[in-house]
Amino acid sequence: MSDHEHDHDHEHGHGRLENALGKARRAVEHLTHPTEHGFSSLDADAVFELGHDIADTKAPQVEIGERWDARKFNAKLVNPANRRKLSVIIVGTGLAGASAAATLGEAGYNVTTFCYQDSPRRAHSIAAQGGINAAKNYRNDGDSVYRLFYDTVKGGDFRSRESNVYRLAQTSVQIIDQCVAQGVPFAREYGGLLDNRSFGGVQVSRTFYARGQTGQQLLIGAYQALERQIAAKTVTMHTRHEMLELIVVDGKARGVVVRDMVSGEIETHFADAVVLASGGYGNVFFLSTNAMGCNVTATWRAHRKGAYFANPCYTQIHPTCIPVSGDYQSKLTLMSESLRNDGRIWVPLSGEDKRDPREIPEAERDYYLERIYPAFGNLVPRDIASRAAKNVCDEGRGVGPGGLGVYLDFADAIQRLGRKAVEAKYGNLFDMYAQITGENPYETPMRIYPAVHYTMGGLWVDYDLSSNIPGLYVTGEANFSDHGANRLGASALMQGLADGYFVLPNTINDYLSAGPFPKVDATHPAAVEAVEAVHSRIDKLLSIRGTRTVDSFHRELGHIMWDYCGMERTEEGLRKAISRIRELKTEFWSDVNVLGTNEELNQALERAGRVADFFELGELMCIDALVRRESCGGHFRAESQTEDGEALRHDDEFAYVSAWEFGGEDGKPVLHKEPLVYEYVEMKQRSYK
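Since the model is a prediction, treat every value here as computed from it, not as a measurement.

## A few points about the sheet that holds strand β9 (residues 266–270)
Strands sit in the order β7-β8-β9 across an open sheet of three strands; the sheet is antiparallel. The open sheet has two edge strands, β7 (241–249) and β9, and neither has a second partner. Between one strand and the next, the sheet's axes are offset by a mean angle of 25°, whatever the strand orientation. Two strands pair when backbone bridges link them, and β7 and strand β8 (residues 252–260) are joined in this way by eight bridges, in the antiparallel orientation. Paired with Leu-246 across the two strands is Val-256, which belongs to β8.

As structure tokens, this is what we get:
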């Protein structure tokens, strides 16, 4: 079936809206009762409590193509003279944080930024290699804002909010122009026009790229803009500082507690609003493609102060990573999805075939993605490609050590395009693979296997990117808003820059227009309490002096998460994971060994605080996955699949965003639901065949 299949339904009639609303309402009461889908009901000792429905009230109720313009016009403005009296704290200086800081600084606000790296240029955004999507239709192959919107909603398995996704597609067009003006060296065709390539889950070429270094080049562009504002003294930059607590005064976010990672000094900083742009939480799995320092602490501290955490179980497994090579590893390496443009993925037809891949004839190879998904082939979305790789390896046809790998073969591309053309497109990626594996990918196929990559969950935000705590905004990967249950490739860079350059600066002013707010300083009871909580936590970690290292606990947690909350999840496995995480967490707080003191550069202490938060997050991820008794996107419940093994959604019960409220130290998390209503896209079973 081609994807030109009756997918683009432009009828937005009243009947469909009523039907969608009815389905959404019926999702509310199903969690504690047996269902028609064969799942047992959650037992009496349920691991959560059911809260109330929530909604995004900021998106104007007009046609979807007019919502963003309407919101910008109706949002209150702050005149230039008043902006100089207002202050904003931004935590994180990757693409979302750096672009927001530069834009707000340029607008005249007083901005203070924090990052735990020694330079904003070290943010993990730099590792995004393949490209950035935009609906410019330079290839004249049928792309449009609506098609990018549709592909993103479908790619997320119909679990994202229509309003936010449509705005993302609209804004994508501006991003490219902004970055070109900054000097980002996008690849160009012979005639000088910007080049495009394809990514998974789409049938058009809309991905702009700078060789295999797109994230790096985009980050340098944002960094230049940020440095300009630092020089203009509208932005104050604090490197090597880690946020450890959110300060909430009279129900509003008013500041942060940070630790100077060099001296150990605990500092308080205050502002009229706080923006979290601190990235995702994939390192809860220990082994992931994330930078070693990536963590959940900033958003988790906000969650503990009352911010809802949305869809934590939605994590993305990337299909194109270098396989694990041994127990000594602490990080995995991503090979860009862009390689799937020209590389062909296959395994031997027989699991007994251990020959050199170059000696295996075509007739004895299984190009399984091309076979199962002929309309998209090797460019199916990441969740589909990852599960397909797992399935062939489970059948015993995997390649390499342990049978956990498949081939990504460029022989056809080199023959068709010539080696020079392949080098021009992917040379730095090939060099990286050769350095890590000792194998020459120009001569022998790469070996790849799925690994934890991006996280679609994050703090809940409304259309304005505001959390449920007034004054606390969340951008980029740190929020949940745009990707549903699966992120299409080349959309993370798009969301980070859309949020930072275009969305947040046009929505935060609505909140700031009521300021300046009453001054707050370190003597305020809320600030004193937050600082005391940070000191208490640090003192506790340093006082245990147990027998196990922080990394040993993190590695064990990662094994539990990967085994039971990874590519395939079951009710039995998730309950086992929750129990084991709780036991391991108890052991951590009684037997971890953190050497040194706080008043120094102490990386063991930094890691210990982050891993402590990962324990709590990991438990919530498993609870969220347990409650969501359907398969969608990267969340695959083995009990819910079609006859041919594809993810099976249950829209009558689970067409909602899971927004979790912290239940206290000894309480149960509280589930609030935001029903998802689809007016412009018809929910249907995904097909990429």
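## Considering the domain arrangement of the chain
Assigned domains within the chain: domain 1 (56–256 + 274–314 + 454–512), domain 2 (318–451) and domain 3 (525–663). Between domain 1 and domain 2, the C-alpha centre-to-centre distance is 31 Å. The interface is formed by 25 residues belonging to domain 1 together with 28 residues belonging to domain 2. Around 2100 Å² of area is buried between domain 1 and domain 2 when both sides are counted, 54% of it from carbon and sulfur atoms. Where domain 1 meets domain 2, there are zero salt bridges. The interface formed by domain 1 and domain 2 includes 12 residue pairs in polar contact (both at pLDDT 80 or more). Classifying every residue of the side of domain 1 that touches domain 2 gives nine nonpolar, 13 polar and three charged.

## Digging into the packing of aromatic side chains
Taken as a whole, this structure holds 23 aromatic pairs when the rule is applied. Between the aromatic rings of Tyr-146 and Phe-149, the centroid separation amounts to 5.5 Å while the plane-to-plane angle is 70°, which identifies the pairing as edge-to-face. Residue Tyr-146 and its partner Phe-149 are located together in helix α5 (residues 145–155), separated by three residues, close to a single helical turn. With respect to class, Tyr-146 is no different from Phe-149; both count as buried. Summarising the aromatic geometry, the rings of Phe-430 and Tyr-442 are spaced 4.6 Å apart at their centres and angled 40° between planes, so their arrangement reads as tilted. Pair noted here: Phe-430 is in helix α12 (residues 419–437) and Tyr-442 is in the loop between α12 and β16 (446–455), with a separation of 12 residues, a long-range link. Connected via pairs of aromatic rings, a cluster forms that spans Phe-410, Tyr-426, Phe-430 and Tyr-442. Note that Arg-167 overlies the ring of Trp-68, its terminal NZ or CZ placed 4.8 Å from the centroid. Note that Arg-365 overlies the ring of Trp-346, its terminal NZ or CZ placed 4.1 Å from the centroid.

Cut-offs and rules
Residues numbered from 1 in each chain as written. Predicted model: local features only at pLDDT ≥ 70, side-chain atom pairs only at ≥ 80, totals over all residues. Heavy atoms only, no water. Pairing = 2+ DSSP bridges. Helix = DSSP H or I, 4+ residues; strand = E, 2+ residues; numbered from the N terminus. Axes fitted to C-alpha atoms, helices over the stretch in contact; angles between N-to-C directions. Domains from an automatic or database assignment. Contact = heavy atoms within 4.5 Å. Buried area = accessible area lost by both parts, 1.4 Å probe. Salt bridge = Lys/Arg side-chain N within 4 Å of Asp/Glu carboxyl O. Polar contact = N/O pair within 3.5 Å; in protein donor to acceptor, adjacent residues only side chain to side chain. Nonpolar A, V, L, I, M, F, W, Y, C, P; charged D, E, K, R; others polar. Phe/Tyr/Trp six-rings, centres within 6.5 Å; stacked < 30°, edge-to-face > 60°. Buried < 20%, exposed > 50% of the residue type's maximum accessible area, 1.4 Å probe, protein only. Lys NZ or Arg CZ within 6 Å of the ring centre and 35° of its normal.

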